[in-house]
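Okay, here's what each chain looks like letter by letter:
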Amino acid sequence: VADRVLDALRTPLQVNGREVSVGASLGIAFAEELPTAERGARGARRGEAGDGAAAADALLRNADLALYAAKGQGRFRHATYAPSMHAHALARLELEGELRVAVTALGAGDPAHGGFALAYQPIVDLDGEAGPGFEALLRWTPPGRPPVPPLQVVPVAEETGLIVPLGRWVLREACRQLAAWDAAGAAGGDGPLQVSVNVSGRQLQDPSLVADVEAALADAGVAPGRLVVEITESVMMHDAEATRARLMALKALGVRVAIDDFGTGYSSLAYLRQFPVDVLKIDKTFVDDVGRGGDESVLATAIVTLGRALALTTVAEGIEDAAQLARLRALGCARGQGHLFARPLAAADVPGWLDGWLARGGAPAEPARA
Ligand code: C2E
Ligand code: MG
Ligand code: MG
């Protein structure tokens, strides 16, 4: 029945001569699963609403939890309530609460930054010609708890809108750090250091983003050309017109734009020409296939070729071994990032890493073993 309902809703509707389509998700709960106390409605006579209302509430609450799970799987899905969904929802609510407190502390100028910090992962030139840049990656350690990985923090921050103030801090902190490295004389060879910052779809929708970026750069005294804004590919598809306009405004500031996780977001290739993009970051899933022999690297090869044809810089994400590096170099991929070169580093460790990198003449710390 759920599949039939979803199928029926999938059909676009005609409204005033325009085609309109809706997305739907279904959460399913069964009354039999309610504890007997909540099932009182069965025996209740008409007019005695008390127990019946409680049962209806519980049923709706369970269906709502199931709906939430269905939405988490994408559009046009259905999910059936399971008791474990309660624990999950509770943990998520707790995370959301803690995150809210931490972001508020951040805004209030907490010296511990609400437990937030940025780690910096080098993005290196595969031919060793240009100096490295760094991707700023969010780290969060709530008080008295182990660090919570960004893949848990970021989605909750996006859903709650907390990503807007949090992302604003990330931008400011990354620019401030860049200026601090400059002041400390940290250098990576040719040209000044660069920093890449991840910007989520929710931030792109925020009308103040461009002004925030401009202020972050100006307050730190950092030239706009040293900042790269990374946008995940799937975000471009969503509300393409608004995204394009905002990216154009960022470009007008002199900031560069990278498409993150390229190849995973089903984007139309036409967007690559319409959007003001400078950099394509090849998703790790494609890089994983590189250097394994056979034609498994065919997708990475295609993306590098596409990048070259469109005069974009290609960056391979998640390079872990020397065979991948050798193959990506041969393909003509310009830049790379991954554990082979360095894991994300604490800001204080970056100058030391740069010294080592320069001393090795731009080679990975571990000598390449073929
Ligand atoms: P991303 O932007 O694609 O960042 C690359 C991720 O790959 C990072 O994970 C990095 O630690 C990991 N990585 C790099 N090299 C390797 C490798 O050789 N092997 C493996 N296995 N992993 C590697 P991380 O730090 O956990 O971040 C995950 C994602 O969270 C990021 O993916 C990004 O989408 C999001 N994120 C992180 N910081 C921020 C932020 O400040 N704002 C927003 N909106 N999103 C962020
Ligand atoms: Mg990124
Ligand atoms: Mg990525």
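The following paragraphs examine the structure supplied in this document. Here the structure is a predicted model, which means the values were calculated and not measured. (Residues numbered from 1 in each chain as written. Chains lettered and ligands numbered in written order. Predicted model: local features only at pLDDT ≥ 70, side-chain atom pairs only at ≥ 80, totals over all residues. Heavy atoms only, no water.)

A word on the coordination of the magnesium ion (ligand 2)
Stage number 1. Summarising the metal site, the magnesium ion (ligand 2) is bound by the protein donors Glu-135 (OE), Asn-198 (OD1), Glu-230 (OE) and Asp-260 (OD), whose distances to it range over 2.0 to 2.2 Å.
Stage number 2. Mapped onto the sequence, the donors of the magnesium ion (ligand 2) take the spacing E-x62-N-x31-E-x29-D.
Stage number 3. In this structure, the magnesium ion (ligand 2) is positioned 4.3 Å from the magnesium ion (ligand 3), and both are ligated by Asp-260. Taken as a pair, Glu-230 in strand E8 (residues 227-232) and Asp-260 in strand E9 (residues 256-262) lie far apart in primary sequence, 30 residues in all.
Stage number 4. A relative accessible area of 2% means that Glu-230 is categorised as buried. (Donors = N, O, S within 2.8 Å, 3.2 Å for Na, K, Ca; no water. Helix = DSSP H or I, 4+ residues; strand = E, 2+ residues; numbered from the N terminus. Buried < 20%, exposed > 50% of the residue type's maximum accessible area, 1.4 Å probe, protein only.)

Quick word on a nonpolar patch on the surface
Stage number 1. The grouping of Val-1, Val-5, Leu-9, Leu-13, Val-15, Val-20 and Val-22 at the surface amounts to a nonpolar patch, some 540 Å² of accessible area in total.
Stage number 2. Secondary structure elements with two or more residues in the nonpolar patch: helix H1 (2-10) and strand E1 (13-15).
Stage number 3. Tracing the sequence through the fold places Val-1 in the segment before H1.
Stage number 4. Among the residues examined, Val-1 registers a relative accessible area of 72% and is labelled exposed. (Patch = residues over 30% accessible without salt bridge, like charges linked within 9 Å, V, L, I, M, F, W, Y side chains within 5 Å. Areas by Shrake-Rupley, 256 points an atom, 1.4 Å probe, with all protein chains shown as cover. Salt bridge = Lys/Arg side-chain N within 4 Å of Asp/Glu carboxyl O.)

Description of the packing of aromatic side chains
Stage number 1. Scanning all chains against the criterion turns up eight aromatic pairs.
Stage number 2. An angle of 20° between the planes, with centres 5.5 Å apart, marks the rings of Phe-116 and Trp-140 as stacked. With a gap of 24 residues between them, Phe-116 in strand E5 (residues 116-125) and Trp-140 in strand E6 (residues 133-140) connect regions that are remote in the sequence.
Stage number 3. Relative to Trp-357, the ring of Trp-353 has its centre 5.1 Å away and its plane inclined at 15°; by these criteria the two rings are stacked. Remark: Trp-357 and Trp-353 occur in helix H14 (residues 350-359); sequence separation between them is four residues, near one turn of the helix.
Stage number 4. With a relative accessible area of 5%, Trp-357 lands in the buried category.
Stage number 5. Members of the aromatic cluster, each reached through a chain of ring pairs, are Tyr-120, Phe-134, Trp-181, Phe-341, Trp-353 and Trp-357. (Phe/Tyr/Trp six-rings, centres within 6.5 Å; stacked < 30°, edge-to-face > 60°.)

Section: the coordination of the magnesium ion (ligand 3)
When a metal holds four donors in a tetrahedron, each ideal angle between them is 109.5 degrees; when it holds six in an octahedron, the ideal angles are 90 or 180 degrees.
Stage number 1. Coordination sphere of the magnesium ion (ligand 3), protein contribution only: Asp-260 (OD), Asp-261 (OD), Glu-317 (OE) and Glu-317 (OE), at 2.0 to 2.4 Å.
Stage number 2. In terms of primary sequence, the donors binding the magnesium ion (ligand 3) are separated according to D-D-x55-E.
Stage number 3. With a relative accessible area of 22%, Asp-261 lands in the partly exposed category.

Remarks on helix H4 (residues 150-160)
Stage number 1. Along H4, the residues classified as buried are Val-153, Val-156 and Ala-157. Taken around the axis of H4, the buried residues stretch over an arc of 100°, which confines them to a single face. Facing away from the buried side of H4 by more than 90 degrees, the exposed set consists of Leu-151 and Glu-159.
Stage number 2. Packing partners of the buried residues in H4 comprise helix H3 (84-107), E6 and helix H5 (163-183). (Arc of directions from axis to C-beta. Contact = heavy atoms within 4.5 Å.)

Description of the pairing of strand E11 (residues 313-316)
Stage number 1. Inspection of the sheet shows strand E10 (residues 279-282) paired to E11 by four bridges, in the parallel sense. Bridge pairing links Val-279 to Thr-313 in E11.
Stage number 2. As a crossover connection, the stretch from E11 through helix H13 (residues 322-331) into strand E12 (residues 335-336) is right-handed. (Pairing = 2+ DSSP bridges. Right-handed = clockwise from strand over helix to strand, strands pointing away.)

Some thoughts on the pattern of salt bridges
Stage number 1. A full pass over the atoms with the stated rule returns 15 salt bridges.
Stage number 2. Arg-335 is the salt-bridge partner of Asp-125, the closest N and O atoms lying 3.7 Å from each other. Of the two residues, Asp-125 is situated in strand E5 and Arg-335 in strand E12; the sequence distance between them amounts to 210 residues. Assigned by exposure class, Asp-125 and Arg-335 land together as buried.
Stage number 3. For Arg-176, the salt bridge is made with Glu-173, and the minimal N-O distance between the two is 2.8 Å. Placement of both Arg-176 and Glu-173 in helix H5 is noted, with a separation of three residues, approximately one turn of the helix.
Stage number 4. The class for Glu-173 is buried, based on a relative accessible area of 13%.
Stage number 5. Among the charged side chains, a salt-bridge network with shared partners connects Glu-135, Glu-230 and Lys-281.

Some thoughts on the nonpolar core
Stage number 1. Formed by 81 residues in total, the largest nonpolar core has its most connected members in Phe-116, Tyr-120, Trp-181, Leu-227, Ile-319 and Leu-328.
Stage number 2. Considering each element in turn, this core owes the most residues, 10 residues, to H5.
Stage number 3. Counting residues in each nonpolar core, the second largest holds five residues, with Ile-123, Val-228, Val-279 and Val-315 among its members. (Core = buried A, V, L, I, M, F, W, Y, C linked by side-chain atoms within 4.5 Å.)

Considering the packing of helix H7 (residues 209-220) against helix H9 (residues 240-253)
Stage number 1. Interaxial distance between H7 and H9 falls to 10 Å at its minimum, and their mutual angle equals 20°. The pairing of H7 with H9 is recorded here as roughly parallel in orientation. The element H7 and its partner H9 pack so that their crossing is right-handed. Contacts from Leu-209, Val-210, Val-213 and Glu-214 in H7 reach Arg-246, Ala-249, Leu-250 and Leu-253 in H9.
Stage number 2. Residues of the contact of H7 with H9, tallied by class, amount to six nonpolar, no polar and two charged. (Axes fitted to C-alpha atoms, helices over the stretch in contact; angles between N-to-C directions. Parallel < 35°, antiparallel > 145°, perpendicular 65-115°, else oblique. Left-handed = near helix turned anticlockwise from the far one by under 90°. Nonpolar A, V, L, I, M, F, W, Y, C, P; charged D, E, K, R; others polar.)

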